[in-house]
Amino acid sequence: MSLKWTIWFLGCLFIGMQLPAQENMKMIPAGSYKPFIKGTTERIAVEAFMLDKYAVTNADFLAFVKANPSWAPDKVKALFADSGYLSHWPENYLDNKSLESSNEPVVNVSWFAANAYCKWKNKRLPTMHEWEYAALALPKGATDSAALTQINNDWYSRKTPKQAEVGSIYENKYGIWDMYGLVWEWVYDFNSVVSNDDSRNSEDVIEGLFCGSASLNASDASDYVSFIRYSYRGSLKAKYTTRKMGFRCAKSIQ
Amino acid sequence: MKSKTYLAVATLFFALILNSCTTSTERRIIDPSEDVKGQVRAVLTDAPEVPPRITNKSNTKVIVELEIIEKQMRLSDGVDYTFWTFGGKVPGKFIRVRHGDLVEFHLHNHPDNMLPHNIDLHAVTGPGGGAEASLIAPGKSAQFSFRALNPGLYVYHCATAPVGMHIANGMYGLILVEPLEGFTPVDHEFYVMQGEFYTSGGYGDPGHQDFDMQKAFDERPDYVVMNGAVGASSGENAMTVQVGETVRLFMGNGGPNLVSSFHAIGEIFDKVYVEGGSLINHDVQTTLIPAGGAAIIEFTCDVPGTLHLVDHSIFRAFNKGALAQIKVIGDENHNVYTGKEKEEVYLPEGAAIQRISQDKEEETGPIVELSLKERMEAGERLYKSNCMACHMDHGRGITGTFPPLVNSDFLQARTDKGIGIILHGLRGEITVNGTKYNNIMPAVSMSDDKVASILTYIHNEFDNGGGLINAADVKAWREK
């Protein structure tokens, strides 16, 4: 029994070493940014970290579910994912060729599931500051942020209603793909800015968002796309799953 | 005698008490602890339809189910937009409840939607008008209840950040809290709501248009529309009534920015519930409807024709789409309006030939004849100040309206060289160089000397055979 576990453990290590995890990650250099949050006038420092080049795909997540059956759609605890969890997967997901090769980002995953996936990969979810900081990078070849606004606009107005594949929207200057325009993405501390309705200080929800609104002016018209992301996070609970929300993982640099 | 006085005083007192009772019951305060009897599902309608009148006489629990749907629809011919809607259309579903009802509100955010949403109903007494209780991610539902404490017509809208963007994309509608006594019956009730759209392209630019945040900041919409799209309630989509029928309009303004100068071209509002509240104004031409506000408007359609419901900030109506129509069908009523009785040419001078008076001091003096050069100089000056307004520079005239003076066969054929025309005027049909003219030239009261100069100028400058016309020639014709 213990031998079997040992072999399994070593096997996992071996597979882990074989996985081109680092290749599929890019380093985001240290820096700072001015986040779009009420009352924040100071720039937030962000340490250098590694970030997945692509959002996690259905194929990636299928491998995770196979290795961790407790995260299977029919076995997951209701506490950790709502009824929409992986609801876009077919019944026979364990033996489905198109899912195995799907380059579409996985959606309908809860924060708990995304967090578990990253842990399994010996990674973690990026913090909100890390995510926002990395997402500020312009597309390769672009010279101003209008390019990012346009990508967001196209996405919100759903010119392409079909779910796009990872690596199809744009690559930014750090070599990270599709930070905007593909799916919403979970971050580790998604509920740190706006509290959810478990909290008593629900006025902060309104205040945070409305004062943020007041800070918008003609000089930063493009900020409303960040505004939308913050309000999106504010509507979530960790067990929620939605059809347009996936994730990618990050890793600290030792 | 004395007892009669007592009686009169007592009657007066009684009348006063009765009167004060009547006024105090006009405005009923709802006690939220009052019982609620029975339960109904609210009937929801798309504009311009309005749900049926409420017949329940007691406080009822009303269940409202409203689904948020993001979808591409037509904004104008050949123009698409991704609207965010309460119920699949812009404006959102009309909700009708009764004063004192308990409303159990269920808001559903369709799983295919991109964004979180919520709802702020101005009819709600409570934080955010329900907004904070209803923020929901795609694929979620929220429920909250409220008591309809105040009667009136109220706007509801999405209040999720960025609020302006959610409203600008079409997230607004109306909820009517019908007063206990109900409204007087009318033949038709209609739902119309104004709102503006800020598109990446200009008005009419074809294809799918994105939302333009900069234009929204600047309050510079390309579209201002009634019921969610250009022509949504006009032309073949117009509302229709019969002559003599009464209409109640539930008119809202979603904004997000503009205040509407709401007006019906061809109708006077008999009654306006100002701002959708309890204050009633009568005989109104144009009523102001603020962004996030509403009005209840009543009128009778007395004559046939098309009523244009417009924002009388009028460029919005004719250049940005803010127009809806009510077609009134039936027989003419000439006691109210005759239609066009006749049409005729309007001549500011009147039908008879008028005289344009000039100073007369020269006429009394002796005739002083001038050289051709002097006549030409004076003639040019006089032509410009007296003739050019109609006959144009260089005597070109305006084809069909004012005859030309250049090489004019009509002028050259006249033995008076045109003197009679200036002295006496001319009216009726003439043909000049092959074109017919039927107009009036007034007689010009001008000295013989001046007439001579003008005509000398016209005959020489405009290629009519030249020659010198003397004041004596004019005098001779005048005396004929």
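What counts, and at which threshold
- Residues numbered from 1 in each chain as written.
- Chains lettered and ligands numbered in written order.
- Predicted model: local features only at pLDDT ≥ 70, side-chain atom pairs only at ≥ 80, totals over all residues.
- Helix = DSSP H or I, 4+ residues; strand = E, 2+ residues; numbered from the N terminus.
- Buried ≥ 20, exposed ≤ 12 C-beta atoms within 10 Å, placed from the backbone.
- Contact = placed C-beta atoms within 7 Å.
- Domains from an automatic or database assignment.
- Pairing = 2+ DSSP bridges.
- Axes fitted to C-alpha atoms, helices over the stretch in contact; angles between N-to-C directions.
- Parallel < 35°, antiparallel > 145°, perpendicular 65-115°, else oblique.
- Nonpolar A, V, L, I, M, F, W, Y, C, P; charged D, E, K, R; others polar.
- Core = buried A, V, L, I, M, F, W, Y, C linked by C-beta atoms within 7 Å.

**Describing the overall build of chain B**
At step 1: Scanning chain B from N- to C-terminus turns up ten helices and 25 strands.
At step 2: Along the first, second and third principal axes, the C-alpha set of chain B runs to 105 × 85 × 40 Å.
At step 3: Across the 480 residues in chain B, those meeting the buried criterion constitute 42%.
At step 4: Considering only contacts within chain B whose residues lie at least 6 apart along the sequence, 70% involve residues at least 24 apart.

**Overview of the domain arrangement of chain B**
At step 1: Looking at chain B, the domain boundaries give domain 1 (39-178), domain 2 (188-329) and domain 3 (355-478).
At step 2: Computed over C-alpha atoms only, the centres of domain 1 of chain B and domain 3 of chain B are separated by 75 Å.

**Concerning the sheet that holds strand β20 (residues 305-311) of chain B**
Residue and element names in this part refer to chain B.
At step 1: What the five strands build is an open sheet, ordered β13-β21-β20-β15-β18; its pairing is mixed. Sheet topology places β13 (239-242) and β18 (286-289) at the edges, where each strand pairs with a single neighbour. Averaged over all neighbouring strand pairs, the angle between strand axes comes to 20°, with direction disregarded.
At step 2: Pairing of β20 with strand β21 (residues 323-329) involves six bridges; the strand directions are antiparallel. Following the sheet pairing, Thr306 is matched in β21 by Lys327.

**Structural notes on the packing of helix α5 (residues 372-386) of chain B against helix α9 (residues 448-461) of chain B**
All names here are of chain B.
At step 1: Their axes nearest at 7 Å, the elements α5 and α9 cross at an angle of 95°. When the interaxial angle is binned, α5 and α9 end up roughly perpendicular. Across the interface between the two elements, Leu372, Arg375, Met376, Ala378, Gly379, Glu380, Leu382, Tyr383 and Asn386 from α5 touch Lys450, Ala452, Ser453, Ile454, Thr456, Tyr457, Ile458 and Asn460 from α9.
At step 2: Of the residues belonging to the contact of α5 with α9, the class tally is nine nonpolar, five polar and three charged.

**Focus on the nonpolar core**
The nonpolar side chains of a soluble globular protein tend to be buried, and buried together.
At step 1: Tyr154, Leu174 and Val192 of chain B are the most contacted members of the largest nonpolar core, which has 151 residues in total.
At step 2: Setting aside anything within four residues of it in sequence, one finds Val192 of chain B in contact with Ala47, Pro48, Met226, Asn227, Ser233, Leu249, Met251, Leu309 and Ala324 of chain B.

**Quick look at unusual backbone geometry**
Residue and element names in this part refer to chain B.
At step 1: Look at the link from Ala47 to Pro48: it is a cis peptide, with omega at 5°.
At step 2: With respect to the helices, strands and loops of the structure, Pro48 is situated in the loop between β1 (39-41) and β2 (61-76).
At step 3: Cis geometry marks the peptide bond from Ala161 to Pro162; its omega dihedral reads -10°.
At step 4: Mapped onto the elements, Pro162 comes out in the loop between β8 (152-157) and α2 (163-168).

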